[in-house]
Number of protein chains: 2
Amino acid sequence: MRTAILGTGLIGGSVAAALRGRHLASRIVGYDLDPEVCARAVALGLLDAAAATPAQAAFEADLIVLAVPVGSMPDVLADLAPALGSSAIVTDVGSTKADVLAAARGALGTAFARFVGAHPIAGSERAGPEGADPDLFEGCTVVITDAGETHADALVRIERLWQSCGARVVRMDAAEHDRMLATVSHLPHVLAYALVAQIAAQPDAQRKLSLAGPGFRDFTRIAASSPRMWRDVALANRDAIGAELRGFVATLQRIERALAAGDAPWLQQLFERASDTRRRMNRGENEQ
Amino acid sequence: MRTAILGTGLIGGSVAAALRGRHLASRIVGYDLDPEVCARAVALGLLDAAAATPAQAAFEADLIVLAVPVGSMPDVLADLAPALGSSAIVTDVGSTKADVLAAARGALGTAFARFVGAHPIAGSERAGPEGADPDLFEGCTVVITDAGETHADALVRIERLWQSCGARVVRMDAAEHDRMLATVSHLPHVLAYALVAQIAAQPDAQRKLSLAGPGFRDFTRIAASSPRMWRDVALANRDAIGAELRGFVATLQRIERALAAGDAPWLQQLFERASDTRRRMNRGENEQ
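Residues numbered from 1 in each chain as written. Chains lettered and ligands numbered in written order. Predicted model: local features only at pLDDT ≥ 70, side-chain atom pairs only at ≥ 80, totals over all residues. Heavy atoms only, no water.

J.: Teacher, can you tell me more about the interface of chain B and chain A here?
T.: Of the residues lining the interface, 96 residues belong to chain B; the matching set on chain A comes to 96 residues. Between chain B and chain A lies a buried interface of about 8,800 Å² when both sides are counted; carbon and sulfur atoms form 65% of it. The tally of links from chain B across to chain A stands at 10 salt bridges. For Arg221(A), the salt bridge identified is with Asp218(B), shortest N-O distance 3.2 Å. Counting across the interface, chain B meets chain A through 34 residue pairs in polar contact (both at pLDDT 80 or more). Elements that contribute at least two residues to the side of chain B that touches chain A include exactly β7 (141-145), β8 (168-171), α7 (174-200), α8 (205-210), α9 (214-220), α10 (227-236), α11 (238-261) and α12 (264-282) of chain B. (Contact = heavy atoms within 4.5 Å. Buried area = accessible area lost by both parts, 1.4 Å probe. Salt bridge = Lys/Arg side-chain N within 4 Å of Asp/Glu carboxyl O. Polar contact = N/O pair within 3.5 Å; in protein donor to acceptor, adjacent residues only side chain to side chain. Helix = DSSP H or I, 4+ residues; strand = E, 2+ residues; numbered from the N terminus.)

J.: For this particular structure, what's the right way to read the packing of helix α4 (residues 73-80) of chain B against helix α5 (residues 98-108) of chain B?
T.: Helices that pack against each other are described as a pair by the angle of their axes relative to one another and the distance between those axes. All names here are of chain B. Taken N-terminus to C-terminus, the directions of α4 and α5 make an angle of 25°; their axes are 9 Å apart at the nearest point. Considering their axes alone, α4 and α5 lie roughly parallel with respect to each other. Crossing of α4 over α5 shows right-handed handedness. The segment α4 lies against α5, with Met73, Pro74, Leu77, Ala78 and Leu80 engaging Val100, Ala103, Ala104, Ala107 and Leu108. (Axes fitted to C-alpha atoms, helices over the stretch in contact; angles between N-to-C directions. Parallel < 35°, antiparallel > 145°, perpendicular 65-115°, else oblique. Left-handed = near helix turned anticlockwise from the far one by under 90°.)

J.: In this structure, what is going on with empty space enclosed by the protein? I would like to understand it.
T.: Empty space among the atoms becomes visible once a probe the size of a water molecule is rolled across them. In total, this model carries 2 cavities of 30 Å³ or more according to the counting rule given. Computed from the structure, the largest cavity encloses a volume of approximately 70 Å³. Lining of the largest cavity is provided by Val15(B), Ala18(B), Leu19(B), Leu63(B), Val65(B), Thr91(B), Phe137(B), Leu161(B), Trp162(B) and Cys165(B). At the level of elements, α1 (10-21), β4 (63-66) and α6 (152-164) of chain B are the ones that each hand at least two residues to the lining of the largest cavity. Tallying contributions element by element places α1(B) first for the lining of the largest cavity, with 3 residues. Class assignment for the residues of the lining of the largest cavity results in 9 nonpolar, 1 polar and no charged. What lines the second largest cavity is Val15(A), Leu19(A), Val65(A), Thr91(A), Leu161(A), Trp162(A) and Cys165(A). Split by residue class, the lining of the second largest cavity holds 6 nonpolar, 1 polar and no charged. (1 Å grid on protein atoms, 1.4 Å probe; cavity = no way out; pocket = protein on both sides within 12 Å on 5 of 7 lines; lining within 4 Å. Points joined across faces, edges and corners; volume = space filled by probe spheres on them. Nonpolar A, V, L, I, M, F, W, Y, C, P; charged D, E, K, R; others polar.)

J.: Help me out: how do you make sense of the nonpolar core in this one?
T.: Soluble, globular proteins show a tendency: their nonpolar side chains are buried together. In terms of nonpolar packing, the biggest core is built from 148 residues, with Ile64(A) and Ile64(B) touching the most fellow members. Setting aside residues up to four positions removed in sequence, Ile64(A) forms contacts with Ala4(A), Leu6(A), Ala58(A), Leu80(A), Leu84(A), Ala88(A), Ile89(A), Val90(A) and Thr91(A). Counting 34 residues, the second largest nonpolar core, distinct from the first, contains Ile5(A), Ala18(A), Ile28(A) and Val142(A). (Core = buried A, V, L, I, M, F, W, Y, C linked by side-chain atoms within 4.5 Å. Buried < 20%, exposed > 50% of the residue type's maximum accessible area, 1.4 Å probe, protein only.)

J.: Quick question: what am I supposed to make of the relation of the copies chain B and chain A here?
T.: Two copies of the chain are present, and they differ by a rotation about an axis and a shift along that axis. Once chain B is rotated about the relating axis by 180° and shifted along it by 0.0 Å, it coincides with chain A to within an RMSD of 0.0 Å. On this basis, the relationship between the two copies can be described by a two-fold rotation axis. Of the C-alpha atoms belonging to chain B, the one lying closest to the rotation axis is found on Phe219(B), 2.0 Å away. A shared binding surface is used by both copies, with 100% of the interface residues of chain B retained as interface residues in chain A. (Least-squares fit on C-alpha atoms with pLDDT ≥ 70 in both.)

J.: Sorry, what's going on with the packing of aromatic side chains here?
T.: Remark: the centre distance and the inter-plane angle together describe each pair of aromatic rings, the angle taken between the planes. All names here are of chain A. If you walk through the whole model with that rule in mind, you get 7 aromatic pairs over all chains. An angle of 80° between the planes, with centres 4.9 Å apart, marks the rings of Phe137 and Trp162 as edge-to-face. In this pair, Phe137 sits in the loop between β6 (115-120) and β7 (141-145) while Trp162 sits in helix α6 (residues 152-164), placing the two residues 25 residues apart along the sequence. Taken individually, Phe137 and Trp162 each receive the classification buried, so the pair is uniform in this respect. One cation-aromatic arrangement involves Arg254 over Trp266; the distance from NZ or CZ to the ring centre is 4.1 Å. (Phe/Tyr/Trp six-rings, centres within 6.5 Å; stacked < 30°, edge-to-face > 60°. Lys NZ or Arg CZ within 6 Å of the ring centre and 35° of its normal.)

J.: Just to check I follow, could you spell out the sheet that holds β4(B) for this structure?
T.: As a general point, the strands of a sheet are linked pairwise by backbone hydrogen bonds and lie either parallel or antiparallel. All names here are of chain B. With respect to topology, 8 strands assemble into an open sheet ordered β3-β2-β1-β4-β5-β6-β7-β8, the strand pairing being mixed. Every other strand in the sheet has two partners, leaving β3 (49-50) and β8 as the edge strands with one partner each. As judged from the 4 bridges shared by strand β6 (residues 115-120) and β7, these two strands associate in the antiparallel manner. For Ala118, the partnering residue across the bridge sits in β7 and is Ile144. Against the sheet, α4 touches β1 (2-6), β4 and β5 (89-92), its axis set at about 160° to β4. (Pairing = 2+ DSSP bridges.)

J.: Which parts of the structure should I look at to understand the side chain of Thr3(A)?
T.: Mapped onto the fold, Thr3(A) is located in strand β1 (residues 2-6). Those residues in contact with Thr3(A) that lie beyond four places of it in its chain are Leu19(A), Ala25(A), Arg27(A), Ile28(A), Val29(A), Ala61(A), Leu63(A) and Val65(A).

J.: Explanation requested: the pattern of salt bridges in the structure shown.
T.: Within the structure shown, the criterion is met by 34 salt bridges over all chains. Arg22(B) is paired through a salt bridge with Asp135(B); the nearest N and O atoms lie 3.1 Å apart. Taken together, the positions of Arg22(B) in the loop between α1 and β2 (27-31) and Asp135(B) in the loop between β6 and β7 put the pair 113 residues apart, joining distant regions of the chain. Several salt bridges converge on common partners, so that one network encompasses Arg179(A), Glu244(A), Asp204(B) and Lys208(B).

J.: Can you walk me through α6(B) in this structure?
T.: Owing to its 3.6 residues per turn, the α-helix brings residues three or four apart onto one side. All names here are of chain B. The end-to-end C-alpha distance of α6 is 18 Å, a good match for the 18 Å that 13 residues give at a rise of 1.5 Å each. Within the span of α6, buried status applies to Ala154, Leu155, Ile158, Glu159, Leu161 and Trp162. Taken end-on, α6 shows its buried residues confined to a sector of 155°, consistent with a single buried face. Turned more than 90 degrees away from the buried face of α6, the exposed residues are Ala152, Asp153 and Arg160. Check the buried side of α6 and you find it contacts α1, β4, β5, β6, β7 and β8. Gly166 sits one or two positions beyond α6 and adopts a positive phi of about 95°. (Expected span 1.5 Å × (residues − 1). Arc of directions from axis to C-beta.)

By themselves, these are just geometric observations and shouldn't be taken as functional.
This is the structure:
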């Protein structure tokens, strides 16, 4: 299968590595918004060749994987659309789905039936093709979106591809995906960025950070993620994230009042509810 | 050295394991608010014997380590004070220092000069003596507080003990410790508890949590920590934590406005500041 990967950073590079490691791609051509990043992916052996434009990468490809930041999807889709083969399947790995589906629908015309929105819920705070890992998707969940007019065989092919890479596939519509991920992914990223940025702005930041223990390191690991990628996600899903943020601010204000009042039972109850839920996750009791 | 460990959960149990593993304690007697926890620590071989009261554990001990939740320190100190030997050193492992020093000062009288407040910045989401790890303190930072009247030889003995367990020791006054830790430890714990509790209260919590990826797992790992311990920490340091919370709420409200306005440059700048700072931590550039 001739494959084009548009966006050759951590996730695009890992898709390339996963496909190649499992002999699922005969030839992989890459494109990146930053040609230097694409050149590094070629040098690392993740790609067979670097293309100068999305259209050039998509030319003669059977499968096109969009792995650019979601804010860049409309431009990349518009560029590749005229070069799209009549049976090529297009998919993506973006962290938001409603905006990516809308961009694909707008750019691809009737070929939108061969577009399968996908989101592998994997990641790493490493960035760039140097962090690419052929096993990044082993055991991860991939959400696949059916836009209604999506061809059944295109959906099945993308699902099988992800399953071949070791992932568990879940079908969901784009709006539900975006609402759910706002809670369990986008909001946590925003909170981690906000906390580290707030500390960094303090005069004694260095001294404070020198006292950070393993809990702080775990909590803020995702704040090392790509700022550009997450800026795009935050803006693309801003309504759902905004709603989650407002709910979270209300929770924090309630905690502030409990602290001021010395309300030990209320705090313990809140902490216990969280602790019970999080420990069940450790025991794998939230899998569906 | 005859040692008493009051509070034989994860941290107290790990202190016992660390001292025993390094042949730093000839005999370790334990006490826990929950006698069943203490019995488990004896059964696990962490302790030589279980005492029924703090006073009984402290009797004839050269070193007494307080590892109960900080809210229980006043009662435990009051109980053990009359049994304290004339040269015994008392220390603690609490996550807050001003309240613990005040409790020790109030309970110990002139023996307060032999009390050394300490805080090993280590931890784990595991709870109970079953999670005890003799190497938990390897490479961790331990803050030691000098209350002014603290005997120099007591300070040095406790510092050497922690260094023998592989820790890096930093001296700091209690107020500075509590202010710093509010930022890099107490606030993150409160945020992690708040987020998981908020999700747990939603009707589709199970489905959302089934979509949680590795980023969410890292971010919320500390929400599995002991609710009782953290309730006490939150209340003991509520002024500093309250101030951090208010600052954080203001940051979140600013982010909300940026999202609503679609202010991409501002969001990217915030995320970049956080990401740069967090990546420097990964490279070890915040060590002092």
